[in-house]
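Chain by chain, the residues run as shown.
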Amino acid sequence: MLLNASEIEQFDRDGYISPVSVLKNDEVAGLRDQLETVEARQHGALYPEQRSKSYLLFKWLHDLVQDPRILDPVAQLIGSDILLWNTLFWIKEAGSNSFVSWHQDTKYWGLSSDQVITAWIALSDAGIDEGCMRVMPGTHRGEVLSHEDSYHDDNMLTRGQEINLEDKEMEAVYMPLKAGEMSIHNYRLAHASGPNIAADRRIGISMHFMPPDTRQIVGNWDCAMLVRGQDIYSNFESTPIPACDFDPEAVAFHKKASKAVNEVLYKGAAVNDAKL
Ligand SMILES: O=C(O)CCC(=O)C(=O)O
């Protein structure tokens, strides 16, 4: 499952790689079933606060983020000492208008490193009709662009933050994925996604990995999970290991962790409409 030299070169030049095969069909079906069983118990949806730092709530996700098929390519890109900062669910229901406006995550996550990367794994097909991600190649090497907060109801981002790319949209590249595949992008790369006009839900999980010398420079406290190698810096508090889904100790920690992420993401915002 290792990346080849031209994929690594593309990642450096363009800021993304897609698709990378990770899970077999039966594995995808098993994970989707675990997620949808929880949703069914909760009247059909995750609660907003369950979208982030969810590897503390779901044992299966805690296991998934340590899968060598995900970590081997990540290690090729950022080195063999790896912290997981966050995971986020990105679920667009069939026929929904949910979208993600053009943005760069560097602007909002409060992380000091240029090397933070997002691995986004599909638990259902995520093609153009399903509203897959689009990226603007090379923007990870430029400035952090100016963002406006729109607070659009259908925008899945916390503040509906948006870069105006106007005439550049033609240069954007779609990253369609089959269920079980992932894309990887640098968190400074401008990215967006459109509505889901297909008949199935689009279920994605983003996993945010960083080298351990990264610091949280906006929030007073933050946590992360060491998924490979060593952390000689201890800039982030280590997260507990959930023994099962909704392990009480991990759930209590998740409350503090997701609140801390929420405070960083909404720092300076006019409105906190608690999308996470
Ligand atoms: O799922 C999407 O469409 C957007 C995801 C995203 O913005 C991210 O993973 O950083």
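Residues numbered from 1 in each chain as written. Predicted model: local features only at pLDDT ≥ 70, side-chain atom pairs only at ≥ 80, totals over all residues. Heavy atoms only, no water.

## Some thoughts on the overall build of the chain
For step 1, the next point in the chain: Counting its regular elements, the chain contains five helices and 13 strands.
For step 2, the next point in the chain: Across its three principal directions, the C-alpha atoms of the chain cover 50 × 45 × 45 Å.
For step 3, the next point in the chain: Among the 276 residues that make up the chain, the fraction classed as buried is 55%.
For step 4, the next point in the chain: Taking all contacts inside the chain whose residues are at least 6 apart in sequence as the whole, residues at least 24 apart take part in 84%.
For step 5, the next point in the chain: Working note: accessible area of the chain is about 12,000 Å², and carbon and sulfur atoms make up 49% of it.
For step 6, the next point in the chain: Of note, the chain has its 25 positive side-chain charges centred 3 Å away from the centre of its 41 negative side-chain charges. (Helix = DSSP H or I, 4+ residues; strand = E, 2+ residues; numbered from the N terminus. Buried < 20%, exposed > 50% of the residue type's maximum accessible area, 1.4 Å probe, protein only. Contact = heavy atoms within 4.5 Å. Areas by Shrake-Rupley, 256 points an atom, 1.4 Å probe, with all protein chains shown as cover. Lys, Arg positive; Asp, Glu negative; His and termini not counted. Charge placed at Lys NZ, Arg CZ, Asp CG, Glu CD.)

## Examining the packing of aromatic side chains
For step 1, the next point in the chain: Throughout the structure, instances matching the rule amount to seven aromatic pairs.
For step 2, the next point in the chain: Ring geometry for Phe 58 versus Phe 89: centroids 5.9 Å apart, planes at 85 degrees, classification edge-to-face. Pair noted here: Phe 58 is in the loop between α2 (25-41) and α3 (59-64) and Phe 89 is in strand β2 (residues 82-92), with a separation of 31 residues, a long-range link.
For step 3, the next point in the chain: Phe 89 gets classed as buried once you look at its relative accessible area, which sits at 1%.
For step 4, the next point in the chain: Ring centres 5.1 Å apart and planes at 40 degrees place the aromatic pair Trp 85 and Trp 109 in the tilted group. (Phe/Tyr/Trp six-rings, centres within 6.5 Å; stacked < 30°, edge-to-face > 60°.)

## Looking at the sheet that holds strand β11 (residues 202-210)
For step 1, the next point in the chain: One open sheet holds the seven strands; their spatial order is β1-β9-β4-β11-β2-β12-β13, and the pairing between them is mixed. The open sheet has two edge strands, β1 (16-21) and β13 (237-238), and neither has a second partner.
For step 2, the next point in the chain: Note: strand β4 (residues 117-122) against strand β9 (residues 181-186), five bridges, orientation antiparallel. Each residue of the ladder has a partner; that of Ile 121, found in β9, is Met 182.
For step 3, the next point in the chain: Contacts between helix α4 (residues 68-78) and the sheet are confined to β1, β2, β4, β9, β11 and β12 (223-228), with β11 contributing the most and set at about 45 degrees to the helix. (Pairing = 2+ DSSP bridges. Axes fitted to C-alpha atoms, helices over the stretch in contact; angles between N-to-C directions.)

## Quick word on helix α5 (residues 248-265)
Owing to its 3.6 residues per turn, the α-helix brings residues three or four apart onto one side.
For step 1, the next point in the chain: Taking 1.5 Å of rise per residue, 18 residues should cover 26 Å, and α5 covers 26 Å from first to last C-alpha, within 8% of that figure.
For step 2, the next point in the chain: For α5, every residue scored as buried is listed here: Ala 250, Phe 253, His 254, Ala 257, Ser 258, Ala 260, Val 261, Asn 262, Val 264 and Leu 265.
For step 3, the next point in the chain: The inward-facing, buried residues of α5 abut β2, β12 and β13.
For step 4, the next point in the chain: Structurally, the start of α5 carries an N-cap: the backbone nitrogen of Glu 249 is 3.0 Å from a side-chain oxygen of Asp 247. (Expected span 1.5 Å × (residues − 1). Polar contact = N/O pair within 3.5 Å; in protein donor to acceptor, adjacent residues only side chain to side chain.)

## Regarding the environment of Leu 77
For step 1, the next point in the chain: Tracing the sequence through the fold places Leu 77 in helix α4.
For step 2, the next point in the chain: Note on Leu 77: relative accessible area 14%, which makes it buried.
For step 3, the next point in the chain: Along the sequence, Leu 77 and Asp 114 sit 37 residues apart, while their C-alpha atoms lie 12 Å from each other.
For step 4, the next point in the chain: Ignoring anything within four residues of it in the chain, the contact list for Leu 77 reads Leu 3, Ile 8, Phe 11, Ile 17, Gln 115, Ile 117 and Ile 184.

## Looking at the sheet that holds strand β3 (residues 100-103)
For step 1, the next point in the chain: Across the sheet, four strands lie side by side as β3-β10-β5-β8; this open sheet has antiparallel pairing. Looking at the sheet topology across the chains shown, the edges are occupied by β3 and β8 (173-175). When the angles between neighbouring strand axes are averaged without regard to direction, this sheet yields 25 degrees.
For step 2, the next point in the chain: Where strand β5 (residues 133-135) lies against strand β10 (residues 191-193), three bridges are found, and the strand directions are antiparallel. Bridge pairing in β10 links Met 133 to Ser 193.

## Points about the site of the ligand
For step 1, the next point in the chain: In the vicinity of the ligand, the residues found are Trp 90, Val 100, His 103, Asp 105, Thr 118, Trp 120, Met 133, His 191, Ser 193, Arg 202 and Ser 206.
For step 2, the next point in the chain: The side chain of Arg 202 places a nitrogen or oxygen atom 2.7 Å from an oxygen atom of the ligand.
For step 3, the next point in the chain: For the ligand, the accessible surface in isolation is 290 Å², of which the surrounding protein chains cover 100%.
For step 4, the next point in the chain: Of all the secondary structure elements, the ones that give two or more residues to the shell around the ligand are β3, β4, β10 and β11.
For step 5, the next point in the chain: Considering only residue class, the shell around the ligand consists of four nonpolar, five polar and two charged. (Near = heavy atom within 4 Å. Nonpolar A, V, L, I, M, F, W, Y, C, P; charged D, E, K, R; others polar.)

## Some details on the pairing of β9
For step 1, the next point in the chain: By the criterion of burial, β9 is predominantly enclosed, with six of the six residues buried.
For step 2, the next point in the chain: On β9, burial covers both faces: Glu 181, Ser 183 and His 185 on one face and Met 182, Ile 184 and Asn 186 on the other are all buried.
For step 3, the next point in the chain: Pairing between β1 and β9: four bridges, direction antiparallel. By the bridge assignment for β9, Ile 17 is matched with Ile 184.

## Notes on the pattern of salt bridges
For step 1, the next point in the chain: This structure, assessed with the given rule, holds 15 salt bridges.
For step 2, the next point in the chain: One salt bridge connects Arg 13 with Asp 14, and the closest N-O pair in it is separated by 3.1 Å. (Salt bridge = Lys/Arg side-chain N within 4 Å of Asp/Glu carboxyl O.)

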